[in-house]
Amino acid sequence: MLALMRTIIERPEQSGPEGGPVEELSGGVDPKTRLPFGVSRYYAALARSSDPASDPIAAQYLPSADELVTLPYETGDPIGDNRYLAAERLVHHYPDRALLLVNDRCATYCRHCFRRHFTGHGRGRITEEQLDAVCAYLRRTPAVRELLLSGGDPLMLSDREIEHLIERLKQVDPDYVIRLCTRMPVVLPSRVTEAFVGMLSRFDSLWAVIHANHPRELTEEFRLAVRRLLRAGVPVVNQAVLLRGVNDDVATLEALFRGLLRSGVKPYYLFQGDLAAGTAHFRVSIERGIAIMRELRSRLSGLALPTYAVDLPGGGGKVPVEAALLRIEADAYVFRGPDGGEHRYPRESELAGPARR
Ligand code: SF4
(Lines give C-alpha, C1' and ligand atoms only; values in the text may rest on other atoms or scores of the structure.)
Protein backbone atom coordinates (compact mmCIF):
# COMPACT_ATOMS: atom_id res chain seq x y z
CA MET A 1 0.00 0.00 0.00
CA LEU A 2 1.29 3.45 -0.82
CA ALA A 3 2.34 5.62 2.06
CA LEU A 4 0.56 8.86 1.26
CA MET A 5 0.81 12.29 2.74
CA ARG A 6 -2.10 14.68 2.55
CA THR A 7 -1.73 18.43 2.08
CA ILE A 8 -3.93 21.19 0.74
CA ILE A 9 -2.94 23.13 -2.36
CA GLU A 10 -4.47 26.43 -3.37
CA ARG A 11 -7.32 26.46 -5.81
CA PRO A 12 -7.20 28.45 -9.02
CA GLU A 13 -7.94 32.11 -8.37
CA GLN A 14 -11.10 32.16 -10.43
CA SER A 15 -12.74 28.95 -9.23
CA GLY A 16 -16.08 29.31 -7.55
CA PRO A 17 -16.54 28.59 -3.85
CA GLU A 18 -18.09 25.24 -4.68
CA GLY A 19 -15.09 24.32 -6.80
CA GLY A 20 -12.15 23.80 -4.48
CA PRO A 21 -9.98 23.35 -2.62
CA VAL A 22 -7.89 20.65 -4.15
CA GLU A 23 -6.25 18.01 -2.00
CA GLU A 24 -2.83 16.61 -2.70
CA LEU A 25 -1.14 13.39 -1.67
CA SER A 26 2.38 12.45 -2.53
CA GLY A 27 5.07 9.91 -1.77
CA GLY A 28 5.93 6.30 -2.54
CA VAL A 29 6.26 6.72 -6.32
CA ASP A 30 9.39 6.83 -8.47
CA PRO A 31 10.54 10.48 -8.16
CA LYS A 32 11.43 10.64 -11.89
CA THR A 33 7.89 9.91 -12.92
CA ARG A 34 5.82 10.63 -9.83
CA LEU A 35 2.51 12.32 -10.27
CA PRO A 36 1.06 14.05 -7.22
CA PHE A 37 -2.33 13.13 -5.89
CA GLY A 38 -4.82 15.94 -6.30
CA VAL A 39 -8.56 16.02 -6.80
CA SER A 40 -11.23 18.72 -6.71
CA ARG A 41 -14.02 18.15 -4.21
CA TYR A 42 -16.45 18.35 -7.12
CA TYR A 43 -14.79 15.49 -9.04
CA ALA A 44 -14.25 13.34 -5.93
CA ALA A 45 -17.99 13.67 -5.24
CA LEU A 46 -18.77 12.03 -8.60
CA ALA A 47 -17.21 8.77 -7.39
CA ARG A 48 -19.56 6.21 -5.87
CA SER A 49 -16.78 4.32 -4.14
CA SER A 50 -13.36 5.17 -2.77
CA ASP A 51 -12.01 1.98 -4.30
CA PRO A 52 -10.21 2.67 -7.60
CA ALA A 53 -10.69 -0.99 -8.51
CA SER A 54 -14.46 -0.69 -8.61
CA ASP A 55 -15.34 2.84 -9.71
CA PRO A 56 -14.44 4.46 -13.05
CA ILE A 57 -14.22 7.96 -11.53
CA ALA A 58 -12.16 6.91 -8.49
CA ALA A 59 -9.84 4.95 -10.81
CA GLN A 60 -8.96 8.19 -12.59
CA TYR A 61 -7.90 10.16 -9.52
CA LEU A 62 -7.00 7.76 -6.71
CA PRO A 63 -3.44 6.37 -6.78
CA SER A 64 -3.17 2.61 -6.70
CA ALA A 65 -0.28 0.29 -5.97
CA ASP A 66 -0.33 -0.62 -9.70
CA GLU A 67 1.42 2.71 -10.34
CA LEU A 68 4.53 1.32 -8.70
CA VAL A 69 4.91 -1.14 -11.61
CA THR A 70 7.06 0.49 -14.31
CA LEU A 71 7.69 -1.63 -17.41
CA PRO A 72 11.09 -1.40 -19.17
CA TYR A 73 9.71 0.55 -22.13
CA GLU A 74 7.61 2.97 -20.05
CA THR A 75 8.89 6.50 -19.42
CA GLY A 76 7.79 9.82 -17.97
CA ASP A 77 7.80 11.29 -21.50
CA PRO A 78 6.21 8.61 -23.71
CA ILE A 79 5.30 10.86 -26.64
CA GLY A 80 8.73 12.52 -26.80
CA ASP A 81 7.95 16.13 -25.79
CA ASN A 82 11.58 16.65 -24.80
CA ARG A 83 12.78 15.58 -28.24
CA TYR A 84 10.87 18.45 -29.83
CA LEU A 85 11.59 21.28 -27.40
CA ALA A 86 12.12 24.40 -29.53
CA ALA A 87 12.37 26.73 -26.54
CA GLU A 88 11.80 26.32 -22.86
CA ARG A 89 8.08 25.46 -22.46
CA LEU A 90 7.54 25.14 -26.23
CA VAL A 91 7.15 21.77 -27.97
CA HIS A 92 7.26 22.01 -31.77
CA HIS A 93 6.65 18.56 -33.23
CA TYR A 94 4.30 19.01 -36.19
CA PRO A 95 5.16 21.75 -38.72
CA ASP A 96 1.97 23.80 -38.37
CA ARG A 97 1.34 23.34 -34.62
CA ALA A 98 3.22 24.12 -31.44
CA LEU A 99 2.39 23.34 -27.83
CA LEU A 100 3.06 25.65 -24.90
CA LEU A 101 3.47 24.19 -21.43
CA VAL A 102 1.98 27.21 -19.68
CA ASN A 103 1.55 25.74 -16.22
CA ASP A 104 2.29 22.47 -14.45
CA ARG A 105 -0.67 22.36 -12.07
CA CYS A 106 -4.03 20.61 -12.51
CA ALA A 107 -7.27 20.70 -10.52
CA THR A 108 -7.22 16.90 -10.55
CA TYR A 109 -4.22 14.72 -11.39
CA CYS A 110 -5.33 11.93 -13.72
CA ARG A 111 -3.59 8.70 -12.80
CA HIS A 112 -3.18 7.91 -16.52
CA CYS A 113 -1.50 11.27 -17.33
CA PHE A 114 1.01 10.90 -20.16
CA ARG A 115 2.81 14.18 -19.45
CA ARG A 116 4.03 13.13 -16.03
CA HIS A 117 7.58 14.26 -16.77
CA PHE A 118 6.22 17.81 -16.46
CA THR A 119 2.86 17.75 -14.72
CA GLY A 120 2.85 18.49 -11.00
CA HIS A 121 6.60 18.74 -10.58
CA GLY A 122 6.54 22.25 -9.14
CA ARG A 123 7.78 24.16 -12.18
CA GLY A 124 4.80 26.47 -11.95
CA ARG A 125 3.59 28.90 -14.57
CA ILE A 126 5.45 30.11 -17.62
CA THR A 127 7.55 33.19 -16.83
CA GLU A 128 7.59 36.41 -18.83
CA GLU A 129 11.15 35.64 -19.97
CA GLN A 130 10.11 32.18 -21.16
CA LEU A 131 7.16 33.73 -22.98
CA ASP A 132 9.51 36.24 -24.63
CA ALA A 133 11.61 33.33 -25.92
CA VAL A 134 8.51 31.48 -27.14
CA CYS A 135 7.28 34.56 -29.03
CA ALA A 136 10.74 35.13 -30.54
CA TYR A 137 10.74 31.53 -31.83
CA LEU A 138 7.22 31.89 -33.22
CA ARG A 139 8.13 35.14 -35.01
CA ARG A 140 10.88 33.35 -36.91
CA THR A 141 8.73 30.23 -37.57
CA PRO A 142 5.78 31.35 -39.69
CA ALA A 143 4.82 27.77 -40.57
CA VAL A 144 3.17 27.51 -37.14
CA ARG A 145 -0.56 28.24 -37.52
CA GLU A 146 -2.05 26.61 -34.41
CA LEU A 147 -0.99 26.96 -30.80
CA LEU A 148 -2.00 24.55 -28.04
CA LEU A 149 -2.02 25.98 -24.51
CA SER A 150 -1.49 23.01 -22.26
CA GLY A 151 0.51 21.84 -19.25
CA GLY A 152 -0.79 20.89 -16.66
CA ASP A 153 -4.05 22.72 -17.08
CA PRO A 154 -3.93 26.30 -18.40
CA LEU A 155 -7.17 27.11 -16.59
CA MET A 156 -5.33 26.83 -13.27
CA LEU A 157 -4.04 30.30 -14.20
CA SER A 158 -6.16 33.36 -13.47
CA ASP A 159 -8.36 34.94 -16.14
CA ARG A 160 -5.94 37.86 -16.34
CA GLU A 161 -2.94 35.55 -16.85
CA ILE A 162 -4.73 33.62 -19.62
CA GLU A 163 -5.81 36.86 -21.27
CA HIS A 164 -2.23 38.12 -21.17
CA LEU A 165 -0.94 34.88 -22.73
CA ILE A 166 -3.45 35.03 -25.57
CA GLU A 167 -2.72 38.73 -26.14
CA ARG A 168 1.02 38.11 -26.35
CA LEU A 169 0.54 35.26 -28.83
CA LYS A 170 -1.98 37.16 -30.96
CA GLN A 171 0.51 40.05 -31.11
CA VAL A 172 2.88 37.67 -32.90
CA ASP A 173 0.14 36.71 -35.36
CA PRO A 174 -3.53 37.64 -34.93
CA ASP A 175 -4.50 34.72 -37.18
CA TYR A 176 -3.25 32.00 -34.84
CA VAL A 177 -5.82 29.36 -33.98
CA ILE A 178 -5.42 28.77 -30.24
CA ARG A 179 -6.56 25.62 -28.47
CA LEU A 180 -7.15 25.70 -24.73
CA CYS A 181 -6.40 22.13 -23.65
CA THR A 182 -8.21 21.77 -20.36
CA ARG A 183 -9.93 19.24 -18.15
CA MET A 184 -11.70 21.94 -16.10
CA PRO A 185 -15.22 21.48 -17.55
CA VAL A 186 -14.95 17.86 -16.35
CA VAL A 187 -13.12 18.14 -13.02
CA LEU A 188 -14.00 21.69 -11.88
CA PRO A 189 -16.73 23.11 -14.14
CA SER A 190 -17.33 26.11 -11.86
CA ARG A 191 -13.97 27.43 -13.13
CA VAL A 192 -15.74 28.26 -16.42
CA THR A 193 -17.37 31.44 -15.12
CA GLU A 194 -19.30 34.10 -17.05
CA ALA A 195 -16.36 36.46 -16.45
CA PHE A 196 -13.93 33.92 -17.90
CA VAL A 197 -15.89 33.26 -21.08
CA GLY A 198 -16.58 36.99 -21.41
CA MET A 199 -12.82 37.51 -21.54
CA LEU A 200 -12.42 34.68 -24.11
CA SER A 201 -15.15 36.14 -26.32
CA ARG A 202 -12.86 39.10 -27.11
CA PHE A 203 -10.67 36.81 -29.20
CA ASP A 204 -11.20 35.06 -32.54
CA SER A 205 -10.28 31.48 -33.36
CA LEU A 206 -10.19 29.97 -29.88
CA TRP A 207 -11.09 26.31 -29.37
CA ALA A 208 -11.48 24.31 -26.17
CA VAL A 209 -10.12 20.76 -26.17
CA ILE A 210 -11.48 18.93 -23.15
CA HIS A 211 -10.93 15.45 -21.70
CA ALA A 212 -13.96 13.43 -20.61
CA ASN A 213 -13.62 9.65 -20.33
CA HIS A 214 -16.86 8.42 -18.79
CA PRO A 215 -20.56 9.32 -19.20
CA ARG A 216 -20.88 9.97 -15.43
CA GLU A 217 -18.61 12.98 -15.96
CA LEU A 218 -21.29 14.64 -18.11
CA THR A 219 -23.19 16.31 -15.28
CA GLU A 220 -25.47 19.36 -15.38
CA GLU A 221 -22.49 21.45 -14.18
CA PHE A 222 -20.41 20.09 -17.07
CA ARG A 223 -23.15 20.96 -19.56
CA LEU A 224 -23.42 24.50 -18.17
CA ALA A 225 -19.65 25.01 -18.55
CA VAL A 226 -19.80 23.78 -22.15
CA ARG A 227 -22.81 25.98 -22.91
CA ARG A 228 -20.92 29.01 -21.62
CA LEU A 229 -17.94 28.27 -23.85
CA LEU A 230 -20.16 27.73 -26.88
CA ARG A 231 -22.10 30.96 -26.26
CA ALA A 232 -18.77 32.80 -26.13
CA GLY A 233 -17.94 31.47 -29.59
CA VAL A 234 -15.48 28.82 -28.40
CA PRO A 235 -16.15 25.42 -30.07
CA VAL A 236 -15.54 22.42 -27.80
CA VAL A 237 -14.07 19.05 -28.80
CA ASN A 238 -13.20 16.07 -26.62
CA GLN A 239 -10.13 13.86 -26.42
CA ALA A 240 -10.85 10.68 -24.47
CA VAL A 241 -8.36 7.99 -23.52
CA LEU A 242 -9.25 4.30 -23.79
CA LEU A 243 -8.80 3.16 -20.19
CA ARG A 244 -9.07 -0.37 -18.90
CA GLY A 245 -11.68 -0.65 -16.19
CA VAL A 246 -12.98 2.87 -16.92
CA ASN A 247 -14.42 2.95 -20.45
CA ASP A 248 -13.14 -0.13 -22.31
CA ASP A 249 -16.54 -1.38 -23.42
CA VAL A 250 -18.89 -0.45 -26.22
CA ALA A 251 -21.85 0.56 -24.04
CA THR A 252 -19.82 3.01 -21.92
CA LEU A 253 -18.16 4.64 -24.91
CA GLU A 254 -21.44 4.85 -26.82
CA ALA A 255 -23.04 6.63 -23.85
CA LEU A 256 -20.02 8.93 -23.54
CA PHE A 257 -19.97 9.93 -27.19
CA ARG A 258 -23.75 10.37 -27.45
CA GLY A 259 -23.73 12.43 -24.23
CA LEU A 260 -20.91 14.64 -25.47
CA LEU A 261 -22.68 15.30 -28.74
CA ARG A 262 -25.92 16.15 -26.90
CA SER A 263 -23.92 18.62 -24.81
CA GLY A 264 -22.54 20.31 -27.92
CA VAL A 265 -19.11 18.65 -27.81
CA LYS A 266 -17.64 16.88 -30.84
CA PRO A 267 -15.88 13.61 -29.88
CA TYR A 268 -12.53 14.25 -31.58
CA TYR A 269 -10.06 11.55 -30.53
CA LEU A 270 -10.12 8.30 -28.58
CA PHE A 271 -6.48 7.72 -27.68
CA GLN A 272 -4.75 4.43 -27.16
CA GLY A 273 -2.95 4.60 -23.80
CA ASP A 274 0.56 5.99 -23.99
CA LEU A 275 3.50 4.11 -22.51
CA ALA A 276 3.64 6.38 -19.47
CA ALA A 277 5.45 5.04 -16.42
CA GLY A 278 3.18 3.17 -14.05
CA THR A 279 0.12 3.10 -16.33
CA ALA A 280 0.18 -0.48 -17.70
CA HIS A 281 -2.88 -1.32 -15.61
CA PHE A 282 -4.90 1.19 -17.66
CA ARG A 283 -3.89 0.02 -21.12
CA VAL A 284 -6.18 -1.96 -23.42
CA SER A 285 -4.87 -4.14 -26.26
CA ILE A 286 -5.03 -2.54 -29.68
CA GLU A 287 -6.93 -5.56 -31.07
CA ARG A 288 -9.65 -4.90 -28.50
CA GLY A 289 -9.59 -1.16 -29.22
CA ILE A 290 -10.14 -1.88 -32.91
CA ALA A 291 -12.99 -4.31 -32.14
CA ILE A 292 -14.69 -1.73 -29.91
CA MET A 293 -14.39 0.92 -32.62
CA ARG A 294 -15.83 -1.45 -35.26
CA GLU A 295 -18.91 -1.99 -33.13
CA LEU A 296 -19.22 1.73 -32.36
CA ARG A 297 -19.03 2.52 -36.07
CA SER A 298 -22.09 0.37 -36.66
CA ARG A 299 -24.02 2.23 -33.94
CA LEU A 300 -22.95 5.89 -34.12
CA SER A 301 -23.09 8.68 -36.68
CA GLY A 302 -19.88 10.16 -38.03
CA LEU A 303 -20.51 13.22 -35.89
CA ALA A 304 -20.51 11.15 -32.70
CA LEU A 305 -17.56 8.94 -33.63
CA PRO A 306 -14.01 10.04 -32.71
CA THR A 307 -10.84 8.89 -34.44
CA TYR A 308 -9.09 6.07 -32.58
CA ALA A 309 -5.47 7.24 -32.54
CA VAL A 310 -2.12 6.32 -31.05
CA ASP A 311 0.87 8.52 -30.31
CA LEU A 312 3.76 6.40 -31.52
CA PRO A 313 6.26 5.84 -28.71
CA GLY A 314 9.27 8.09 -28.36
CA GLY A 315 7.88 10.94 -30.46
CA GLY A 316 6.97 8.97 -33.58
CA GLY A 317 3.86 11.12 -33.98
CA LYS A 318 0.11 10.69 -33.83
CA VAL A 319 -1.57 8.32 -36.31
CA PRO A 320 -5.07 6.84 -36.73
CA VAL A 321 -4.77 3.27 -35.45
CA GLU A 322 -6.76 1.44 -38.10
CA ALA A 323 -5.36 3.32 -41.11
CA ALA A 324 -1.72 3.25 -40.00
CA LEU A 325 -1.48 -0.32 -38.67
CA LEU A 326 0.74 -2.32 -41.05
CA ARG A 327 0.89 -5.66 -39.26
CA ILE A 328 0.70 -7.38 -35.92
CA GLU A 329 3.78 -9.33 -34.76
CA ALA A 330 4.11 -11.57 -31.74
CA ASP A 331 5.41 -8.78 -29.49
CA ALA A 332 4.50 -5.57 -31.32
CA TYR A 333 2.06 -3.66 -33.48
CA VAL A 334 3.87 -2.09 -36.43
CA PHE A 335 2.59 1.27 -37.70
CA ARG A 336 3.46 3.55 -40.59
CA GLY A 337 4.42 6.83 -38.93
CA PRO A 338 3.97 10.38 -40.27
CA ASP A 339 7.67 10.24 -41.29
CA GLY A 340 6.92 7.28 -43.60
CA GLY A 341 8.95 4.89 -41.45
CA GLU A 342 7.86 1.88 -39.41
CA HIS A 343 7.24 2.31 -35.67
CA ARG A 344 6.58 -0.32 -33.06
CA TYR A 345 4.12 -0.23 -30.17
CA PRO A 346 4.44 -3.18 -27.76
CA ARG A 347 1.82 -5.89 -27.94
CA GLU A 348 1.06 -6.46 -24.28
CA SER A 349 -0.95 -9.22 -22.77
CA GLU A 350 -3.71 -7.68 -20.66
CA LEU A 351 -3.78 -10.87 -18.61
CA ALA A 352 -0.07 -10.60 -17.80
CA GLY A 353 -0.47 -7.12 -16.32
CA PRO A 354 -1.91 -6.07 -13.00
CA ALA A 355 -5.36 -7.42 -12.19
CA ARG A 356 -8.20 -6.20 -14.40
CA ARG A 357 -10.77 -4.03 -12.68
S1 SF4 B 1 -5.60 17.25 -16.56
FE2 SF4 B 1 -4.25 16.67 -18.28
S3 SF4 B 1 -2.17 17.32 -17.65
FE4 SF4 B 1 -3.46 17.29 -15.81
S5 SF4 B 1 -3.14 15.27 -14.92
FE6 SF4 B 1 -4.97 15.13 -16.24
S7 SF4 B 1 -4.17 14.40 -18.22
FE8 SF4 B 1 -2.38 15.18 -17.04
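Provided above is the structure to which this section pertains.
Quick caveat, the model's predicted, so the values are computed rather than measured.

Conventions used here
- Residues numbered from 1 in each chain as written.
- Predicted model: local features only at pLDDT ≥ 70, side-chain atom pairs only at ≥ 80, totals over all residues.
- Helix = DSSP H or I, 4+ residues; strand = E, 2+ residues; numbered from the N terminus.
- Contact = placed C-beta atoms within 7 Å.
- Pairing = 2+ DSSP bridges.
- Axes fitted to C-alpha atoms, helices over the stretch in contact; angles between N-to-C directions.
- Buried ≥ 20, exposed ≤ 12 C-beta atoms within 10 Å, placed from the backbone.
- Right-handed = clockwise from strand over helix to strand, strands pointing away.
- Near = placed C-beta within 6 Å.
- Nonpolar A, V, L, I, M, F, W, Y, C, P; charged D, E, K, R; others polar.
- Expected span 1.5 Å × (residues − 1).
- Arc of directions from axis to C-beta.
- Core = buried A, V, L, I, M, F, W, Y, C linked by C-beta atoms within 7 Å.

J.: Pulling in residues and values, what's your account of the overall build of the protein?
T.: Along the protein, the regular secondary structure elements total ten helices and 16 strands. Taking all contacts inside the protein whose residues are at least 6 apart in sequence as the whole, residues at least 24 apart take part in 71%.

J.: Residues and numbers for the sheet that holds strand 11 (residues 266–271), please.
T.: Taken together, ten strands build an open sheet; the order of strands is 4-5-6-7-8-9-10-11-12-13 and the sheet is mixed. Each of the sheet's edge strands pairs with one partner strand only, and the pair in question is strand 4 (85–87) and strand 13 (317–320). Relative to strand 5 (residues 90–91), strand 4 runs antiparallel, the two sharing two bridges. The residue bridging A87 from the neighbouring strand is L90, located in strand 5. In the packing of helix 3 (residues 128–139) onto the sheet, contacts are made with strand 4, strand 5 and strand 6 (97–103), and the angle to strand 4 comes to roughly 105°.

J.: Outline the pairing of strand 9 (residues 206–210), listing residues and values.
T.: Along strand 9, the buried face is formed by L206, A208 and I210; none of W207 and V209, which line the opposite face, is buried. Sheet topology places strand 8 (residues 177–181) next to strand 9; four bridges connect them, and they run parallel. Within strand 9, the position partnered with L180 by the bridge is A208. Relative to strand 10 (residues 236–241), strand 9 runs parallel, the two sharing three bridges. The residue bridging I210 from the neighbouring strand is N238, located in strand 10. Assessed by its sense of winding, the connection that carries the chain from strand 9 through helix 7 (residues 220–231) to strand 10 is right-handed.

J.: With reference to specific residues and values, describe the site of the ligand.
T.: Near the ligand the following residues occur: C106, Y109, C110, C113, R115, T119, G151, G152, D153 and R183. For the shell around the ligand, the residue count by class is four nonpolar, three polar and three charged.

J.: Just give me the short version of helix 3, but keep the residues and values in it.
T.: With twelve residues, helix 3 should cover 16 Å at 1.5 Å per step; its first-to-last C-alpha distance of 16 Å lies within 8% of that length. Of the positions making up helix 3, those classed as buried are L131, V134 and L138. Here the buried residues of helix 3 occupy an arc of 60° about the axis, which is enough to place them on one side. Helix 3 presents E129, D132, A136 and R139 as exposed residues on the side facing more than 90 degrees away from its buried surface. Contacts made by the buried residues of helix 3 are with strand 4, strand 5, strand 6 and helix 4 (159–172).

J.: Talk me through the sheet that holds strand 15 (residues 332–336); I want residue IDs and the actual numbers.
T.: With antiparallel pairing, the three strands of this open sheet are ordered in space as 14-15-16. Only two strands of the sheet have a single neighbouring strand rather than two, namely strand 14 (325–328) and strand 16 (342–346). Along the sheet, successive strands turn relative to each other by an average axial angle of 25°, direction set aside. Pairing geometry for strand 15 and strand 16, over five bridges, is antiparallel. Bridge pairing in strand 16 links Y333 to Y345.

J.: If you had to explain the nonpolar core to someone new, which residues and values would you point to?
T.: For soluble globular proteins, the rule of thumb is that nonpolar side chains tend to be buried together. L100, L149, I178 and L229 are the most contacted members of the largest nonpolar core, which has 91 residues in total. A total of five residues in this core trace back to one element, the largest contributor, which is strand 6. Those residues within four positions of L100 in sequence are excluded, and the remaining contacts are R89, L90, I126, V134, L147, L148, L149 and S150.

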